[in-house]
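Remarks on the overall topology
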Amino acid sequence: MEFQIYRFNPDVDQEPRMQSFAVEVERGMMLRDVLLEIKRRDESFAFRHSCGEGVCGSDGVNVNGRNQLACITPVSDYEKGPVVIRPLPGRPVTRDLVVDMSDFYHQYHAVDPWLKRKDPVPEQENLQTPEQRARLDGLWECILCGCCSSSCPSFWWNPEKFLGPQALLSSWRFLADSRDQAEDERLDALDGPYKVFRCHTIMNCVDACPKHLNPTRAIGHIRNLMLKKSV
Amino acid sequence: MSRHLSGFRAWMWQRASAVYLAGFCIYALARLITVPPVDHQALKSWVGNPGMWLATALFFLFLLLHAWIGVRDVILDYIKSAGLRLGMLAAVFVFVLICGLWVLSILMGVL
């Protein structure tokens, strides 16, 4: 089976090129296995990977125009056509399929992704009702692979100012948490025309998320909370 | 705590104005179809009615506000250079202002 791989080494290449590899595929093979086989043949080929089971979020790549985790994408999904693998779009390419995720992590940090308490921290457990805990489902599962933010045109245009779907999903994860006591502070930090309101509900993030999370819905919840607080 | 969010306020006004614009368009079209004005004078007197005049003035106010926020969003998305962005925002603002004054002069003529 033929795989076309994006190649670019800034130390050597003037511009990127696509390189074709024929790899014999086996039943149950994932795209990560194909990339490992290519790496075995050509040691200069670079891509990120780690756990191999969709947990670490390292091997986000763009496959035939769609962001995916290579380790949980079966090759059999692409039996009919050629497979074109590129780096995550909109991010500066460090080498081949490795991109610079600095903006992405910077935006994640910007939403203070940890519990903030004004009351003293309880000595033992910080209890929640089952309903309060259930509000966090669909939020905590994010593995920071970057498939969502790097598929978002608004994030391509303003990666330094727009928080992006991943950071906004994380922001809502803490706004929705009954144990967090910094709602006003968090909403104030989302002030301005760029941080939240560059989202135009394009929903590429929802389509791309390998964990089937819904950042667009989380952003809607943030806007609704702002509305609730303003009236 | 400040709730004067430039992003939030713009977003809220864009949606609120959209609701008014849709409602006004439906009403005006329904009225023009069901009771079509026989001549220009009849149309003028319909718009010149104080209630309708106020509703029409609000329609254009919200239309210009809606357009300003929409174009502002496009500029914020695409224009990276701060100077060019400021220049384009100013140009669009002046254009919207001129349109507003023009609409106002027309509406004052109807009264």
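Residues numbered from 1 in each chain as written. Chains lettered and ligands numbered in written order. Predicted model: local features only at pLDDT ≥ 70, side-chain atom pairs only at ≥ 80, totals over all residues.

**As for the overall build of chain A**
Rules: Numbering of helices and strands starts at the N terminus; helices are DSSP runs of H or I of at least 4 residues and strands are runs of E of at least 2. Buried residues are those with 20 or more other C-beta atoms within 10 Å of their own C-beta, exposed residues have 12 or fewer, and partly exposed residues lie in between; C-beta atoms are placed from the backbone. In this description, a residue-residue contact is defined by the distance between C-beta atoms placed from the backbone, which must lie within 7 Å.
Of the regular secondary structure elements, chain A holds eight helices and seven strands. Taken along the three principal axes of its C-alpha coordinates, chain A extends 60 × 35 × 30 Å. For chain A, the proportion of its 231 residues judged to be buried stands at 35%. Counting contacts in chain A only where the partners sit at least 6 residues apart, residues at least 24 apart contribute 66% of the total.

**Side note on the sheet that holds strand E5 (residues 83–86) of chain A**
All names here are of chain A. Convention followed: In this analysis, strands are considered paired if DSSP registers two or more bridges between them. Here an angle of 0 to 180 degrees is reported between the N-to-C directions of two axes, which are lines fitted to C-alpha atoms, with helices fitted over the stretch in contact.
The strand order E2-E1-E5-E3-E4 describes an open sheet built from five strands, whose pairing is mixed. A strand with exactly one partner marks an edge of an open sheet, and here the two such strands are strand E2 (17–22) and strand E4 (66–69). Ignoring which end each strand starts from, the neighbouring axes of this sheet average 35 degrees apart. Here strand E3 (residues 60–63) pairs with E5 via two bridges, running antiparallel. Among the inter-strand pairings, Asn62 is bridged to a residue of E5, identified as Arg86.

**Observations concerning the packing of helix H2 (residues 40–48) of chain B against helix H3 (residues 50–78) of chain B**
Any two packed helices are characterised by the angle at which their axes cross and by the distance between the axes. Residues and elements named next belong to chain B. Where we set the bar: Comment on the angle field: the value is read as roughly parallel under 35 degrees, roughly antiparallel over 145, roughly perpendicular from 65 to 115, and oblique elsewhere. Think of it as three bins: nonpolar holds Ala, Val, Leu, Ile, Met, Phe, Trp, Tyr, Cys and Pro, charged holds Asp, Glu, Lys and Arg, and polar takes everything else, Gly as well.
Remark: H2 packs on H3, axes separated minimally by 5 Å, with the N-to-C direction vectors making an angle of 80 degrees. When the interaxial angle is binned, H2 and H3 end up roughly perpendicular. Within the contact between the two elements, H2 uses Trp46, Val47 and Gly48 and H3 uses Met52, Trp53 and Thr56. For the contact of H2 with H3, the class distribution of residues is four nonpolar, two polar and no charged.

**Quick word on the domain arrangement of chain A**
All names here are of chain A. Convention followed: Domain extents, as shown, originate in an automatic or database domain assignment.
Domain boundaries in chain A define domain 1 (2–99) and domain 2 (102–230). A straight line from the C-alpha centre of domain 1 to that of domain 2 covers 29 Å. Taken together, the contacts link 14 residues of domain 1 with eleven residues of domain 2. A total of four residues in the side of domain 1 that touches domain 2 trace back to one element, the largest contributor, which is E4. Broken down by class, the residue content of the side of domain 1 that touches domain 2 amounts to six nonpolar, six polar and two charged.

**Thoughts on the interface of chain A and chain B**
Contacts between chain A and chain B engage 15 residues on the former and 13 residues on the latter. Secondary-structure elements contributing two or more residues to the side of chain A that touches chain B are helix H4 (153–157), helix H6 (183–189) and helix H8 (215–230) of chain A. Among the residues forming the side of chain A that touches chain B, the class breakdown is six nonpolar, three polar and six charged.

**Considerations on the confidence of the model for chain B**
Do not read the predicted coordinates in detail wherever pLDDT is low. Just so we agree on the cut-off: Along the chain, pLDDT gives the predictor's confidence residue by residue, from 0 to 100.
Scored by pLDDT, chain B comes out at a mean of 92, with 95% of its residues at no less than 70. Here the predicted complex scores 0.90 on pTM and 0.80 on ipTM.

**Focus on the nonpolar core**
Worth spelling out the cut-off: Connectivity within a nonpolar core runs through C-beta atoms within 7 Å, and the core itself is a set of buried Ala, Val, Leu, Ile, Met, Phe, Trp, Tyr and Cys residues.
Core analysis: the largest hydrophobic core is formed by 51 residues, its most contacted members being Ala70, Leu168, Leu169, Trp172, Val196, Ala218 and Ile222 of chain A. For this core, the elements supplying multiple residues, two or more each, are strand E1 (2–7), helix H1 (31–41), E5, helix H2 (102–110), helix H5 (164–175), helix H7 (204–208) and H8 of chain A together with helix H1 (6–34) of chain B. At six residues, H5 of chain A tops the list of elements feeding residues into this core. Each residue touching Ala218 of chain A, except ones within four places of it in the same chain, is listed here: Leu139, Leu168, Leu169 and Trp172 of chain A.

**Describing the environment of Gln14 of chain B**
Residues and elements named next belong to chain B. On the secondary structure map, Gln14 appears in helix H1. Its 19 C-beta neighbours within 10 Å are what place Gln14 among the partly exposed residues. Counting along the chain gives 60 residues from Gln14 to Val74, while the straight-line C-alpha distance between them is 14 Å.

**A word on the environment of Asn224 of chain A**
All names here are of chain A. Relative to the assigned elements, Asn224 resides in helix H8. Judged by C-beta crowding, with 10 C-beta atoms within 10 Å, Asn224 ranks as exposed. Residues Asn224 and Lys211, spaced 13 residues apart in sequence, show a C-alpha to C-alpha distance of 24 Å.

**Some thoughts on the environment of Leu54 of chain B**
Structurally, Leu54 of chain B can be placed in helix H3. Along the sequence, Leu54 of chain B and Leu107 of chain B sit 53 residues apart, while their C-alpha atoms lie 9.5 Å from each other.

**Description of unusual backbone geometry**
Residues and elements named next belong to chain A. Backbone geometry at Asn64 places phi at a positive 45 degrees, although glycine is not the residue there. Its location among the elements puts Asn64 in the loop between E3 and E4. Among the residues examined, Asn64 registers 14 C-beta atoms within 10 Å and is labelled partly exposed. A positive phi angle, close to 60 degrees, is found at His212, a residue other than glycine. By the secondary structure assignment, His212 is in the loop between H7 and H8. Exposure remark for His212: the 8 C-beta atoms within 10 Å place this residue in the exposed category.

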